[in-house]
Amino acid sequence: MSTPRRLLARLRTLMANREQPPAAADLPALARLVASELVSEVCSVYVAGAGEDLQLVATEGLRQEAVGRTRLRVGEGLVGLCAATGETLNLPDAQNHPAFAYRPETGEDAFASLLAVAVRRAGRTLGVLVVQNRTPRRYDPDEVEVVETVAMLLAELLASGQSERAETGLAATLPRRFNAVALAPGIVIGPVVLHSTGLAPSRLLADDPDRERARLEEAWQAMQRGIDRLINDQLPDVAGKKAADAHASREILEAYRLIAADAGWLKRVNEAIQGGLSAEAAVARVAGELRDRMRRITDPYLRERLGDLEDMAARLLANLDGAQNQITVPSGAILLARRLGPAELLDWHARGIAGVVIEEGSPSGHAAILARALGIPALGGARGVVESADPGDDAVLDGDDGLIFLRPEQELRVGYVHAIEVLTERQAGYAAIRDKPSVTLDGTQVRLMLNVGLAMELGQLAATGAEGIGLFRTEIAMLARGEVLDTPEQSAVYGRVLDAARGRPVLFRTLDLGGDKLLPGLPPPEEENPAMGWRSLRIGLDRPALLRRQLRALLLAGGGRNLSVMFPMVATVAEFRAAKALLMAEAARVRPGPSALQIGTMLEIPALMWQLPALLRETDFISVGTNDLMQFLFAADRGSPQLAGRYDVLSPPVLDLLSELVARTNEAGVSLSICGEAASRPLEALTFVGLGVTNLSMPAYGILPTKAMLARVDLARFRPFLATIRRSAAGAASLREPITTWAREHDLPI
Ligand code: PEP
Ligand code: MG
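Each chain carries its own residue numbering, running from 1 in the direction its sequence is written. Chains and ligands are labelled by the order in which they are written, letters from A for the one and numbers from 1 for the other. In keeping with the model being predicted, local features are shown solely for residues with a pLDDT of at least 70 and side-chain atom pairs are shown and tallied solely at 80 or more, while totals for entire chains, interfaces and linings include all residues. Only heavy atoms go into the side-chain values, all of them from the structure, while hydrogens and water stay out.

Draft legend 1. Layout of the sheet that holds strand S1 (residues 42-48). Ordered in space as S3-S2-S1-S6-S5-S4, the 6 strands form an open sheet in which the pairing is antiparallel. Strands at the two margins of the open sheet, each flanked by one partner only, are strand S3 (71-73) and strand S4 (89-91). Going across the sheet, the axis of each strand differs from the next one's by a mean of 20 degrees, ignoring polarity. Looking at chain direction, S4 and strand S5 (residues 113-121) are connected through 3 bridges and run antiparallel. The residue bridging Asn-90 from the neighbouring strand is Leu-115, located in S5. Strand contacts of helix H2 (residues 27-38): S1, strand S2 (53-60) and strand S6 (124-133), with the helix running at about 60 degrees to S2, the strand carrying the most contacts. Working rule for contacts: check all heavy atoms of both residues, and any pair within 4.5 Å makes them a contact. The axes are straight lines fitted to the C-alpha atoms, using for helices just the contacting stretch, and the angles between their N-to-C directions are given from 0 to 180°. The helix count covers DSSP runs of H or I at least four residues long, the strand count covers runs of E at least two residues long, and both are numbered beginning at the N terminus. Set on the sheet, helix H3 (residues 77-85) makes contact with S1, S2, S3, S4, S5 and S6; between it and S6 the angle comes to about 140 degrees. Following DSSP output, two strands are said to pair if at least two bridges run between them.

Here it is, written out as structure tokens:
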């Protein structure tokens, strides 16, 4: 018998001989067994206690007097590092690792190599399992796998005595407010239901791999049938409300089914079964690995793909355990989840939830897209909300301002009841203005356009009445596919976009890859600051074949029609010229070429502001990417939750920059637009228009609220006010407050 199977068989015997459920008292026996089976001199178990401490609770090989005494904070020493990152450490020379923290009472100076694996369950770190040896060596993949499997078992042991909930006593009854990321607009007041990750299998070990494989196959078939039912039963319901969104939802679920079929992760599950795990434990294990990979990926789109797989693992597990989650959902409930996949969201929607908070959800995620399609107000972020809530707690979800309140005070609740009434009235108004032109009260036309990246979002053009696509993010389709599409494939995608736009303008942005958004075939550079590294147009200029292939595809798609192409992350006029030269070289070869070709640049890097005379002579248009511009202007990572909201786009430096840009582009006759999330918020849109910007491009949900706001604003009155506060509050960090007050006084729907 192989080491893993023998070790697991012996662990099974150890557990089976107990009368009560397994408990922490089993830990010394477990450490002994692991050390002897792995031929390692040390096996130790550290457990996370209250606060941030990890305590040595059992060891084979270190001094016994250290048990109960040795403590490390999360983040301290190698054990603390493993707990903090959740990543496995495999070190031949542990004592020379910069994070090593020597604890003399353990006598560990004799041991050179170390393997540390985090013990995690339902997203929480419960402890760390460590194996050590005297001789310096790197543990081989089989050994790592065994220790990771034991860590999973250990997670069950440790969790059996613990509650999932962090808040207890008085804290659990107090009102709490969480800042979140708005994923889908709307307000809900209702009781909370908690989504459990469902990734805790009830049976871990099994001795008949064939039987487990058969169970897996059966559960797999059942899960596939379940997804088919979801697609067929639920989406027609959506279709009645919004055809375009239903189409998007169907595409998402079809893509999801493809991911399930071809990801190769079933192979990993089968290997784990062969190693001695039950089918459900094997699924949970592979899902755990996915979660670890997910933690290292910052690109929201890719995280979402892995999130879908995790969602699938949870469904498979539910099928294997034979107990689908049968919590009854009170009507109008708000679902709180750490993660949630699209199929799960559909399930919960069918069970009657009215709102959802997904701690790890991002606006570009599938669950968020579906929530918008289903019309369910949704939030992402709000870390800690799941831990702080009890089922049935009263809550207010504000999907407009990105807030969730648990156990709200009466006054706040009443305020929101009133807000819901206003909102309902407003929604009725939006439908009426969809096909009307976007114009201010005093007659200034403002072109509102869409930011999109997937063909399935094109339906939003009709749904919102947008005047075109102000930003088509071409990299998204490739990231979804995981490879660079060839010229005909790209050309087909761009052609479909132009078809859908039916003559309305589309600004195609060339590949904005980089950081984590790297595709196979592009060597990943090791960089400390990927956002400021080898990304975007820099890659395109250094790998001109890649960029030329895309430019050719764009030109082919644009044959006989208008084509607008813009380059992202331009830092110098020389870069813009080089990119434009590539485009012109391709244009000379493509027949039939576009009937008109506009070539523009994004303004995301502040340095361009000091190159305007040259730039304005060469570019047809400029589109300001506020997301990146803000991060480079204030040196504030746009992905850092700690910095979110710290610097305001409605601040003197940004408004001065934009105002200067408006003046200079007007003089030069160059068209200017603002894309990026800021343009989608009515207060920001009001200010940009007040500065003289007349093209705004934004995510779909911003279009109608912005149009409604603009229809009520008299710019002739707002402009002097804006000029006055810009002069009088020159040193202020933000002008948001006076602008908000003005908008309220003038009864603008912001
Ligand atoms: C921006 O930076 O504002 C922008 C629109 O581009 P992206 O968000 O894709 O970086
Ligand atoms: Mg950008």
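Draft legend 2. Representation of the coordination of the magnesium ion (ligand 2). Around the magnesium ion (ligand 2), the protein contributes the donor atoms Glu-604 (OE) and Asp-628 (OD), at 2.0 Å from the metal centre. Within this pair, whereas Glu-604 is found in the loop between strand S18 (596-603) and helix H20 (612-618), its partner Asp-628 is found in helix H21 (residues 626-633), the two being separated by 24 residues in sequence. When sorted by exposure, Glu-604 lands in the same class as Asp-628, which is buried. With water omitted from the atoms examined, metal sites may look incomplete; donors here are N, O and S atoms no farther than 2.8 Å from the metal, or 3.2 Å in the case of Na, K and Ca. Note on classification: 1.4 Å probe, protein chains only; a residue is buried when its accessible area is under 20% of the maximum for its type, exposed when over 50%, partly exposed between these limits.

Draft legend 3. Spatial organisation of the sheet that holds strand S10 (residues 353-358). Pairing is mixed around the closed barrel formed by 7 strands, whose spatial order is S7-S11-S10-S9-S8-S12-S13. Pairwise comparison of adjacent strand axes, ignoring direction, gives a mean angle of 35 degrees for this sheet. Where strand S7 (residues 176-184) and strand S11 (residues 378-381) come together, 4 bridges link them in antiparallel fashion. Bridged to Val-181 within S11 is Gly-380. Strands strand S8 (187-194), strand S9 (333-337) and S10 of the sheet are contacted by helix H10 (residues 342-350), whose axis makes an angle of about 150 degrees with S10. Packed on one face of the sheet, helix H13 (residues 410-433) meets S8, strand S12 (394-398) and strand S13 (403-406) and runs near 120 degrees to S8.

Draft legend 4. How the structure looks around the site of ligand 1. Close contacts around ligand 1 come from 13 residues, with Arg-473, Arg-509, Glu-604, Asn-627 and Arg-638 the closest. Distance and chemistry together define a polar contact, namely a pair of N or O atoms within 3.5 Å, with one atom able to donate a hydrogen and the other to accept it when in protein, and with adjacent residues in sequence counting only for side-chain atoms on both sides. The contact in question runs from an oxygen atom of ligand 1 to an N or O atom on the side chain of Arg-473, over 2.7 Å. One of the backbone nitrogen or oxygen atoms of Gly-625 is found 3.4 Å away from an oxygen atom of ligand 1. The set of elements that each furnish at least two residues to the shell around ligand 1 consists of strand S15 (469-473) and H21. Here the shell around ligand 1 gets 3 residues from one element, more than from any other, and that element is H21. Of the residues that constitute the shell around ligand 1, the class distribution is 3 nonpolar, 4 polar and 6 charged. Near residues are defined by distance, with any heavy atom within 4 Å of the molecule or strand qualifying the residue. When residue character is reported, Ala, Val, Leu, Ile, Met, Phe, Trp, Tyr, Cys and Pro are called nonpolar, Asp, Glu, Lys and Arg charged, and the others, Gly included, polar.

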